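Close look at the chain arrangement
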Amino acid sequence: MSKLEQLKTMTTVVADTGDLDAIAQWRPVDATTNPSLLLKAADLPAYRPMLDAAINFSQGQSGSDSEQLGMATDYLAVLAGQKILELIPGVVSTEVDARLSFDTEGTVRKARRLVELYNSIGVPTERVLIKIASTWEGIRAAEILEKEGIRCNLTLLFSFAQAAACADAGAFLISPFVGRILDWNLKQSGRSSYEPHEDPGVLSVSRIYNYFKGHGYDTVVMGASFRNTGEIEHLSGCDRLTISPALLEALQNDTGELPRRLSPETTGKVESRISLDENAFRWLMNEDAMATEKLAEGIRKFAADQVELEQRVRQIAQAA
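The present account deals with the structure reproduced in this document. Fair warning: this is a prediction, and the values are worked out from it, not measured in the lab.

1. So, the pairing of strand E8 (residues 240-243)
Where burial is concerned, the two faces of E8 agree: the one with Arg 240 and Thr 242 and the one with Leu 241 and Ile 243 are both buried. In this structure, strand E7 (residues 220-223) lies alongside E8, joined through 2 bridges in parallel fashion. The residue bridging Gly 223 from the neighbouring strand is Leu 241, located in E8.

As C-alpha cells, then:
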C-alpha cells in the first residue's frame, strides 16, 4: 500500500484545492476552499460557466455595485461547492468573506446567506461547512451558527487558546495551520529546517488533538497548510488532514510504512481543561506573537484575494 492508502485507513483525507480535475483524480472524502483557491480556480476553463452564471445571478439582484460583486463571488463559491460535491461523498467548506473576521453579526448573516444559496440550488445544509477565521468574533459567530444547525470550520488557527475557545463554543471542526507555524519559526530561529518530530506545527496540532480527545470534545481536528509529507506522516491518525494535490501525489508514490502517530488511546497525560472568556482569550493571543502575526497576515491575505476575485468578476462582467 502507498502511504496515502495507509493514511486513509486512519485519517479522513481532504483535498485542499478548488481544481475540479484534481478533486476528480484524488477522490477525497471532503474538500476545502478559500478565496485564494477560488482565485486560482477562476482561471481554469471549468470555472468559466460558473463565473458567467454568478455574474448573471448578481445582476438580477438589487444593491450597489459592491454588493452585487459580493453576491457574485458568494454565488461563484456556492456553484463551485456544488460541483465539488458531485465528485466527493462528504462535505465542502466555503469561506466567509475575511473582511468580516471581526464582525460577529456580519459573519452570521453571511453564513446564513451562503447556506440559503446552497439550499436554493438543491445542496442540503449538512453537506456544507462554513469557514470562519478563528478570531474571538468569529468563534462567537460559530457558536450561534452551530446552534442553528449550520456546521462551521474554524480556520486560520495557530494557537492552543484559539483551539480551546473553538471547542468550548461547540465548533464542528477546526483547521490548525501546520506549515504557516513552521514558516514563522524558521524565520525567527534562523534555522533552515526542522525534523518532522520537532516541527512546531506538528507539535501544536498534536497537543490540540490530545487535549480534545482527553477531555471528550466532539470538535474535529483537521490539520492544514502542510509544507512537506513529513508533517503529514507525523500527524497520521488525526481526525482529518487537508492536503494539496502535490503532496497527495507524493504520498501516493511512496510505499514505505506509515505508523499511526495520533490516537484517542495514546494521548498520554492530558493537560488541565481551560475555559476562556474574552479577556483571557485576547491576553493569551497577545502573549503568542506567532499566532497574532499569522492570524492577522492570513486575514489580510484572504481579504486581498477576495478583492482580487471581485475585480476579476467585474472585468468579466464589463467585457460581456
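Having seen it, we continue.
2. Quick notes on the side chain of Asn 153
Of note, Asn 153 is situated in strand E5 (residues 152-157). A polar side-chain atom of Asn 153 sits 3.2 Å from a polar atom in the side chain of Ser 93. Asn 153 has contacts with Thr 32, Ser 93, Leu 129, Ile 130, Lys 131, Ile 132, Leu 173, Ile 174, Ser 175 and Met 222, leaving out every residue within four places of it along the chain.

3. Comments concerning the sheet that holds strand E2 (residues 30-32)
If you walk around this closed barrel you meet the 8 strands as E1-E2-E3-E4-E5-E6-E7-E8, and the pairing is parallel. Pairs of neighbouring strands in the sheet enclose a mean axial angle of 30 degrees, with direction left out of account. Alignment of strand E6 (residues 173-176) against E7, held across 2 bridges, turns out to be parallel. By the bridge assignment for E7, Ile 174 is matched with Val 221.

4. Here's the deal with the state of the cysteines
Taken as a whole, this structure holds 0 disulfides when the rule is applied. Residue Cys 152 stays outside any disulfide, its sulfur separated by 9.7 Å from that of Cys 166, the closest cysteine. Its relative accessible area of 0% is what places Cys 152 among the buried residues. Cysteine Cys 238 is unpaired, with the sulfur of Cys 166 as its nearest cysteine sulfur at 14 Å. Assessed through its relative accessible area of 0%, Cys 238 is described here as buried.

5. Considerations on the nonpolar core
Grouped together as the largest cluster of nonpolar side chains are 103 residues, with contacts concentrated most on Tyr 47, Ile 130, Leu 154, Ile 174, Phe 212 and Ile 243. For this core, the element with the most residues is helix H5 (residues 65-85), which contributes 10 residues. Those residues within four positions of Phe 212 in sequence are excluded, and the remaining contacts are Ala 163, Ala 167, Ile 174, Tyr 217, Thr 219 and Val 221. Ranked by size, the runner-up nonpolar core spans 7 residues in total, among them Val 14, Phe 172, Leu 173 and Met 222.

Cut-offs and rules
- Residues numbered from 1 in each chain as written.
- Predicted model: local features only at pLDDT ≥ 70, side-chain atom pairs only at ≥ 80, totals over all residues.
- Heavy atoms only, no water.
- Buried < 20%, exposed > 50% of the residue type's maximum accessible area, 1.4 Å probe, protein only.
- Helix = DSSP H or I, 4+ residues; strand = E, 2+ residues; numbered from the N terminus.
- Pairing = 2+ DSSP bridges.
- Polar contact = N/O pair within 3.5 Å; in protein donor to acceptor, adjacent residues only side chain to side chain.
- Contact = heavy atoms within 4.5 Å.
- Axes fitted to C-alpha atoms, helices over the stretch in contact; angles between N-to-C directions.
- Disulfide = S-S within 2.5 Å.
- Core = buried A, V, L, I, M, F, W, Y, C linked by side-chain atoms within 4.5 Å.

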